[in-house]
Amino acid sequence: MSKVAILTDSNSGITQAEAARGGLYVIPMPFYINDQMFFEEIDLSQEDFYGRLTEGAEIKTSMPTVGSVTDEWSRLLEDYDEVVYIPMSSGLSSSCQTAYMLAQNEPFDGKVFVVDNQRISVTQRQSVYDAKLLADQGKSAKEIREILLVEKFQSSIYIMVDTLTYLKRGGRITPAAAALGTLLKLKPVLQIQGEKLDAFAKARTVKQAKKIMIDAIKKDFEERFHDASGSNMYLEIAYTYDRAAAKQFRDEVNEYFPDHEIVINPLSLSVSCHIGPGALALATSHRIGDPA
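This structure is a prediction, so every number in the text was calculated from the model and none was measured.

## A closer look at helix H10 (residues 243-256)
Then, in step 1: Relative to the 20 Å expected for 14 residues at 1.5 Å per residue, H10 spans 20 Å between its end C-alpha atoms, a close match to the ideal helical length.
Then, in step 2: Listing the buried residues of H10 in full gives Ala246, Phe249 and Val253. Projected down its long axis, H10 carries its buried residues within an arc of 60°, all on one side. Counted as exposed and oriented over 90 degrees from the buried face of H10: Ala244, Asp251 and Glu255.
Then, in step 3: Its buried side turned inward, H10 meets helix H9 (206-224), strand E11 (233-239), strand E12 (262-266) and strand E13 (280-286).
Then, in step 4: If you check the start of H10, you find a side-chain oxygen 3.4 Å away from the backbone N of Ala244, and it comes from Asp242.

Take a look at the structure:
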């Protein structure tokens, strides 16, 4: 039986400390803040990030360098037979495609298996833990990749944005649309289903936005996943910086899904820099048991 390492990037939201506890490995994502490079969880904490963001700093995401990725693969292959690497969705970054091409070359061909399962943040996080479960069950890296690819579209994230400032700053909406939305106090709801971040709905209040997300998850359970009770689905709440609001939202979601254990985690910083603080998200992904 092969000894398989599970590697991801910090877009998954998995911290270095959490990875160490869970037997996982995480490549920190680079950020440029006013043209100075920082690495998530290394010299850029959540507190530092949101402090700089709200101060109006120019923040840009970047992909890991080729060397940082291949060096980590080489390091892991000293102790493991194979590596499963789960980066952020190829629809949101070119880093996944770059990794895929690197893995076709010596000395990584047949040893490193890159998984583009079209996820980011809390659903990417779940893929990583699913991969670890499968590895512990004795699956090979190739088998793990195949299972995750079959499951890749079996997830949804709905995100309520508290302010339009950061969508405007990133060019995702025009200044005129942002001004009108702010005047009308709109709370946009975005979605991630597969490759990219898209608009989903507009709400006038936080209460309405929360209901839109809950109804969307219920509809996904019934129509996309053919599991009306959601018994085979994970359910998660994510947030940008305001954990107290996330806990309150969990209580509200529990009224609709009383049989679910709802996990709360921060949204990854690569998503947060585009939507700003005060956002709430409701996410689901298919539960992978032992497929054998």
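Past the structure itself, the notes keep going.
## As for the pairing of E12
Note on strand geometry: in a regular strand, side chains alternate between the two faces of the sheet.
Then, in step 1: Direction of pairing for E11 relative to E12: parallel, over a ladder of 5 bridges. The partner of Ala238 across the bridge, within E12, is Asn265.
Then, in step 2: Crossover handedness for the path E11 to H10 to E12: right-handed.

## Digging into the pattern of salt bridges
Then, in step 1: This model, assessed by the stated rule, comprises 8 salt bridges.
Then, in step 2: In this structure, the salt-bridge partner of Glu58 is Lys60, at a minimum N-O distance of 3.5 Å.
Then, in step 3: Taking the relative accessible area as the measure of exposure, Glu58 reaches 42% and is therefore partly exposed.
Then, in step 4: The shortest N-O distance in the salt bridge between Arg75 and Glu72 comes to 2.7 Å. Taken together, the positions of Arg75 and Glu72, both in helix H3 (residues 66-76) and 3 residues apart, correspond to about one turn of that helix.
Then, in step 5: A residue is classified by how much of its surface remains accessible, and Glu72, at 15% relative accessible area, is buried.

Analysis parameters
Residues numbered from 1 in each chain as written. Predicted model: local features only at pLDDT ≥ 70, side-chain atom pairs only at ≥ 80, totals over all residues. Heavy atoms only, no water. Helix = DSSP H or I, 4+ residues; strand = E, 2+ residues; numbered from the N terminus. Expected span 1.5 Å × (residues − 1). Buried < 20%, exposed > 50% of the residue type's maximum accessible area, 1.4 Å probe, protein only. Arc of directions from axis to C-beta. Contact = heavy atoms within 4.5 Å. Polar contact = N/O pair within 3.5 Å; in protein donor to acceptor, adjacent residues only side chain to side chain. Pairing = 2+ DSSP bridges. Right-handed = clockwise from strand over helix to strand, strands pointing away. Salt bridge = Lys/Arg side-chain N within 4 Å of Asp/Glu carboxyl O.

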